[in-house]
Every structure is written in C-alpha cells, then in structure tokens.
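So you can see what is in the structure, the chains are spelled out below.
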Amino acid sequence: MIGAFDRRQLLQSAVLGLGVGALPLNAVGQSSARIVIVGGGFGGSSAARLLSSLLPEAKITLVEANATYTACPFSNLVLGTDRPLSAQRFTYDALKSGGIEIANDRAVNVDPELKFVTLAGGQSLTYDRLILSPGIDLRWNAIEGYTQAAADLLPHAWKAGPQTTLLKSQLDALADGENVVMTVPPAPYRCPPGPYERASMIAHYLKARRPRSKLIVLDAKDQFSKMALFQEAWAEHYPDHIEWRGAIDDGGITRVDASTNSVFTDFDEISAPVINVIPPQKAGAIADVAGVSDATGWCPIDPISFESRLQSDIHVIGDATIAAPMPKSAFSANLQAKVCAIAVARSLSGIAPEPTVLANTCYSYTTPDEAISIAGVYNNEGGRLSSVSGAGGVSPLGADKTVRNAEAAQAEHWFSTITAEAFG
Amino acid sequence: MRNPKFQIILGSLSALCLAACGSGTDTSRKDSVADTAARTSSGALMASACSGCHSSDAGAIASFEAYDQSGLEQRLLDYKSDENGTTVMHRLARGYSDADIALVSAFLSEMRDAT
C-alpha cells in the first residue's frame, strides 16, 4: 500500500510524463540549458516544476519579487465570507527543495539579443530560454483620476494581497444603509467572470451584515461571462442587494475622484464610502521591456510552443498572453505552462513541438456553498487558438441546488489540486 | 495550510525522477532525445490538461486511480455522449475525439500501472 503522499506524488509525476524506466538526460544541449522564468504565479511556478522534472540537469531559475504568492482564485470568498487571506498564500519551499533556484527579486530588464535578464538588485541571469509569466499590470490613469495613489483609497483588489485586505476592511467599516460601488472594465481583463463572482460575494456579505445597503455595479459592457447564470442567482439570492448597470444604462465610467469617493459616468456622479475600481489592464511591465507585448498591451504568442511572436527564445504564458478564446484564468496559466514546458523540453532536445487539445475551466461562487462554471476546449493548430465547436459552455440554467452545491465542492477540490501542482 | 513535510515531498519531483530512473546511468544523446520524446509524447501533452483538477486524491472531483484504461476510456466516452450531464467534465469531453480519449486514457493508465 502506497501512502497518500507517495501516491499523489507518483500520480503527479505520471501526469508530467515520468514513467518508470525514464532516464536522466545527459545530452549536452539539455544538461547545459539555462532556463529563466519570470513570475511565480500559477503559470511560472507550474512551468518551473514541470521543466525541473523533464530536464533534471537544466539550471532553472524562477525570478519572483514576493517571498510568498497570494492566489487570486477564491480571494472573493475572503471578501464575502470568513475565509482568511492566509488560505490564499503559498510559499516557494517546494520549488526550492525540488532544485529550482528562486531569485527573490524583481526583473527590470531583458536583453533579447545577448539573452540575459537583469534584476533590480543588479544581478544578471543568462538564459537559453526565457519564460515570462508576468501576469497583469493595471493601467493607471486609463480612467482619469485612477492613479496608484488613488488605489490606496479606492481599492482594485485585482491582485490578491494587501488590496484584498483593504477592500475587506472598508466593507467591515460600512454603515448599514450605505452603498458599495464596483466598476468593471471592458474586456480583456484577468478572470472574465471574476467581477460578477465578487459582486455575488459582496452582496452575500451585505445581505447578512448590512441588510439596508446594496452594491451598485457600473459595467463598461452589456454582456458578461455566465451572465444569465449570475443574473438568475442574483434574482434568487440578492434582489435587494445588487444593482447592475451595463454600458447601455450609462454603466461605463469616465473618471474617479478619490478625494471625494466619487465615480463619474457620462451622465451621473455616484459617491459611496466603498468604491472598488477594477481598472483596465495590460501584460506585466517586464513584457514591454522585453519587447514581447504589442500595441494592445498584451503578448502575441505561437499557440503550440507559447514562444513570443516578437522575440526568439522568449516564451510568454498566462494572463499576459493574447490567447483568446482561452481566457485569462489560473487554469489557463497552469495548462499553458505545462504545454510550454513540454515544448521547451522538446525543442532543447531537437524535437519539434506538436499541436494538442487544450482546455479551460472556471468556477464562480454565487453563494458560499453554490457555484457555477464555464468550460472550453481549444485547438492550437493553424497558428491560432480556436474553440472546438460543440464543446464547452456553462452550467445549466434553472438547475437544482444540488448541482450548484456539487460545483462548489468541485471548485474547492480544483483549488486544492491546482495549487498543489503549482506550488507543492 | 498544508503540512510543510507534504510540500517538501511533493516538491522533490526531479529527485523523484533521479531516484525512479537510477541516477548516474550514461545515456547517449540519442537515447536522451528518445527519452525526452517519450516523456513529452502526444499523450503526456494532451493529458496535461487533466492534472489541474485531477490528482490521486479522490473527492468532489474523481481520482485517476479509480479506473483502468478501458474503464477510464469508457467513462470519458460516457461523459461525451451524455446530453443531460451537468458537470464541467461533460462539457469538456465533447471537445475530444474518440481517438483523443483513447490516447489520454492509454497514457494515464500506463502511468497508473507503472506506479
């Protein structure tokens, strides 16, 4: 009988493609390979761990500024329920003990010609392959008045951590009868259904603790991910606690004023003690420095290898990529990391990467014990990612509560599994 | 939070490989390349979509270990053909050809049997 830990490990290694009988790689090209990965989220950490097992002789360095990672998925539950932020935190201990070098610093420059990365502390890391998994940066000033300083007053909480704590503390300080405002940007942005899960969790909080308060959602769009399912849940659970305004109802905002806690639309000014501004986004800044982002602010990639379309030997994975219809999700980042790692391992061994079938799953909570989901299946042939017709889609409308409860349990299981694969 | 020991054990993937494979074996570049080809095969690549949700831990999401090759293949085909299914797996299975399902099932069961 194999112990639980051993079984999980063997399974994981099996999925990574390590069978009994596999041999260590001693080929010159592989053993001397230097692989630098920038960004220790779901993408970067998953890529580092898989490459470390596929190419045990390679020197793999993960550059990450934070000593611990704070995961975004499930952070909306921190806002709306008693879930502690500590449940979102993951260390890099497992990566370190797996032989991956962690450079606890910020990458500030990339020289794609001479192939090295410069860190804020002055260190240079030469690479044969660079994998960028920089996530998102917020576009400060894209909304007039929404600066980095304004975010200390009007939190975005779109990167989990201190911003999540700030928004939670503002909700806790809200008086019954006062309102909360959330603004939602146009697509594309990290986690398409995320704002609506957050709306559900904030509404749950208000219903339970500030019953005379409500959440006003000002949306730059008229359609959103899992829209009918969210609206069904809102009508059932939060009829008095969510007011959603799409673009057609003057939902798009033009300006914020942090000094007066106000947001402005074309025709309206709304003030509230708590304003959660989810601003427009772009690829993390290192993507611009490395020359892998285009005029959209995001990174075009080859969908088979996730190599940049703009720079050789630099791969980009996760939220920073242009991978639509594959969404900017933790699931996508984790899978793109694995597909990219396999392509890099093959390429360093002189074997061409090959196309495959990719997938995505995103769960969203509508109450603390009910969730809905969206799934997609994608081909990466023909130079682009494309949805497989007849597959994917959302949870059924009008489903029994047991279906919603089952998806909430599956969501929890998913979080446990994917974080174990990425961080150990 | 997780047991730190658990994290360390899980983190030792490269160590596991060396232990499982027997370290110090001389392999020619040709063997090594063939090995990389095997470990990054079509089946391994396609099955990499599974491990974000499925592990050896059974629970709200099924474990791989519950099925042998034919059992797994049949289960996936059932998901694919069940028009009334409500789970993510039903919607995902519809995107895979029967040949894809056979490939993934063969890979996962091979790895399961190898352990």
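Parameters and conventions
- Residues numbered from 1 in each chain as written.
- Chains lettered and ligands numbered in written order.
- Predicted model: local features only at pLDDT ≥ 70, side-chain atom pairs only at ≥ 80, totals over all residues.
- Core = buried A, V, L, I, M, F, W, Y, C linked by C-beta atoms within 7 Å.
- Buried ≥ 20, exposed ≤ 12 C-beta atoms within 10 Å, placed from the backbone.
- Helix = DSSP H or I, 4+ residues; strand = E, 2+ residues; numbered from the N terminus.
- Contact = placed C-beta atoms within 7 Å.
- pLDDT = per-residue confidence, 0-100.
- Pairing = 2+ DSSP bridges.
- Axes fitted to C-alpha atoms, helices over the stretch in contact; angles between N-to-C directions.

Asks: Talk me through the nonpolar core; I want residue IDs and the actual numbers.
Replies: Soluble globular proteins tend to bury their nonpolar side chains together. All names here are of chain A. Leu51 and Leu132 are the most contacted members of the largest nonpolar core, which totals 148 residues. Per element, the largest residue contribution to this core is 13 residues, and it comes from helix H10 (residues 330-348). Sequence-distant contacts of leucine 51, that is, excluding residues within four places in its chain, are made with Ile35, Ala58, Ile60, Ala341, Val344 and Ala345.

Asks: Outline the environment of Val181(A), listing residues and values.
Replies: Residues and elements named next belong to chain A. Relative to the helices and strands, valine 181 resides in strand S11 (residues 180-184). Judged by C-beta crowding, with 23 C-beta atoms within 10 Å, valine 181 ranks as buried. Taking the C-alpha atoms as reference points, valine 181 and alanine 199, separated by 18 residues in sequence, lie 9.7 Å from one another. Those residues in contact with valine 181, other than ones at most four positions away along the chain, are Ile216, Leu218, Val263, Ile270, Ala272 and Ile275.

Asks: Which residues make up the confidence of the model for chain B, and what are the values?
Replies: Should the pLDDT be low somewhere, the predicted coordinates at that spot are not to be read in detail. All names here are of chain B. Mean pLDDT over chain B stands at 78; residues scoring 70 or higher make up 73%. Scored below 50 in pLDDT, residues 1-27 shows 58 contacts in the model against residues more than four places distant or in partner chains. Predicted as a complex, the structure gets a pTM of 0.90 and an ipTM equal to 0.91.

Asks: Can you lay out the sheet that holds strand S8 (residues 124-126) of chain A for me, pointing to particular residues and giving the numbers?
Replies: All names here are of chain A. Here three strands make up an open sheet; going across it, the order is S6-S7-S8 and the pairing antiparallel. Looking along the sheet, the strands with just one partner apiece sit at the ends: strand S6 (107-111) and S8. Between one strand and the next, the sheet's axes are offset by a mean angle of 20 degrees, whatever the strand orientation. Sheet analysis places strand S7 (residues 116-119) next to S8, joined by three bridges and oriented antiparallel. Looking across to S8, one finds that valine 117 is bridged to leucine 125.

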